[in-house]
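Report on the structure
In case you want the letters, here they are:
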Amino acid sequence: MNINDQLKNITTFILDVDGVLTDGTILVLENGVQARRMSIRDGYALQLAIKKGYRVLVISGAAASPVLDRLNKLGIYDIHMGASDKLSIVRHYMVKHQLLRENLLFMGDDMPDLEVMQSVGIAACPADAVDEIKQISSYISPVKGGEGCVRDVMEKVMKLKGDWIHVQAVASR
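Parameters and conventions
- Position numbers for residues start from 1 in each chain and track the written sequence from start to end.
- Totals for whole chains, interfaces and linings use all residues, but because this is a predicted model, local features are given only for residues with pLDDT of at least 70 and pairs of side-chain atoms are given and counted only at 80 or more.
- Hydrogen atoms and water are omitted, and side-chain values are computed over all heavy atoms in the structure.
- UniProt positions are given in the numbering used here, feature names are shortened, and annotations may be inferred rather than shown by experiment.
- A run of DSSP states H or I qualifies as a helix once it reaches four residues; a run of E qualifies as a strand once it reaches two. Both are numbered from the N-terminal end.
- Atoms counted for the radius of gyration: C-alpha only. Globule rule: 2.2 Å times residue count to the power 0.38.
- When checking whether two residues touch, look at their non-hydrogen atoms; a contact exists if any pair is within 4.5 Å.
- Shrake-Rupley sampling with a 1.4 Å probe provides the accessible areas, and residues are treated as covered by the protein chains on show and by no other component.
- Helices are assigned an expected span. That span is 1.5 Å times one less than the residue count.
- Accessibility here uses a 1.4 Å probe with only protein chains present; expressed as a share of the type maximum, an area under 20% marks a residue as buried, one over 50% as exposed, and anything in between as partly exposed.
- Relevant arc is that of directions from the helix axis to the C-beta atoms, nothing else.
- Definition used for salt bridges: Asp or Glu carboxyl oxygen within 4 Å of a side-chain nitrogen of Lys or Arg.

You'll find the protein chain entered in an unreviewed UniProt entry as HAD hydrolase family protein, with Terrimonas ginsenosidimutans given as the organism. As recorded by UniProt, the Subunit (unreviewed entry) comment attached to the protein chain reads in full: "Homotetramer."

1. Structural notes on the overall build of the protein chain
In terms of helices and strands, the protein chain carries 8 helices and 8 strands. The C-alpha radius of gyration computed for the protein chain amounts to 16 Å, which stays within 12% of the reference 16 Å derived for 173 residues, consistent with globular compactness. On the principal axes, the C-alpha backbone points of the protein chain span a range of 55 × 45 × 30 Å. Across the protein chain, the fraction of contacts at a sequence separation of at least 24, relative to all contacts at a separation of at least 6, is 54%. As displayed, the protein chain has an accessible area near 9200 Å², and 48% of this comes from carbon and sulfur atoms.

2. A word on helix α5 (residues 86-97)
What sets the pattern is the α-helix's 3.6 residues per turn: residues three or four places apart point alike. Helix length check: α5, at 12 residues, gives a terminal C-alpha distance of 17 Å against a target of 16 Å (1.5 Å per residue), a fit within 8%. Of the residues making up α5, those classed as buried are K86, L87, I89, V90, Y93, M94 and H97. Each buried residue of α5 sits inside an arc of 160° when the element is viewed along its axis, so together they form one side. The outward face of α5, more than 90 degrees from its buried face, is lined by the exposed residues R91, H92, V95 and K96. Those residues of α5 that are buried lie in contact with β1 (12-15), β4 (55-59), β5 (78-80), β6 (104-107) and α6 (114-117). Positive backbone phi, approximately 55°, marks Q98, located one or two places after α5.

3. Points about the pattern of salt bridges
Under the defined criterion, the tally for this structure stands at 7 salt bridges. For R36, the salt bridge is made with D18, and the minimal N-O distance between the two is 2.7 Å. Of this pair, R36 sits in the loop between β3 (34-35) and α3 (40-51) while D18 sits in helix α2 (residues 17-21), and the two are 18 residues apart along the sequence. Residue classification places R36 among the partly exposed residues on the basis of a relative accessible area of 21%. Connected through shared salt-bridge partners, D16, K86 and D113 make up one network.

Rendered as structure tokens:
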């Protein structure tokens, strides 16, 4: 089965935060706040996926409340921050929602994502993921983490399934 046929089975996107939804950089400000950078284009795809009925689960080893706030504003509420066992969270989620392995796409970028990426239908990663993650990924986005890699893979799935919004320019005179 080719990658496009596999992508058509996806109903659930599972995402890491740092290095996927962010560029992996943490800015430590003078007041001690740790700031992260996220792509507005990823945000568009995330809210559209929710509106179209896709499930979005976010799992991160980090615990950053501004990230939680941003994701909630996009309509994402299945969020596990400060997670030490991502695989258990995914397994529980699969049982709770009666999902099959082939329905799940996990996008990760580094070694803490390896085990869970091997347990889902499609393992995906950004262009700047570590080599070990690239080696096990079925889909490697041409886009880096935090710069639209989530949009890239979500748009690809939604276009294949006819769920992507097409905006056509209408010339009026």
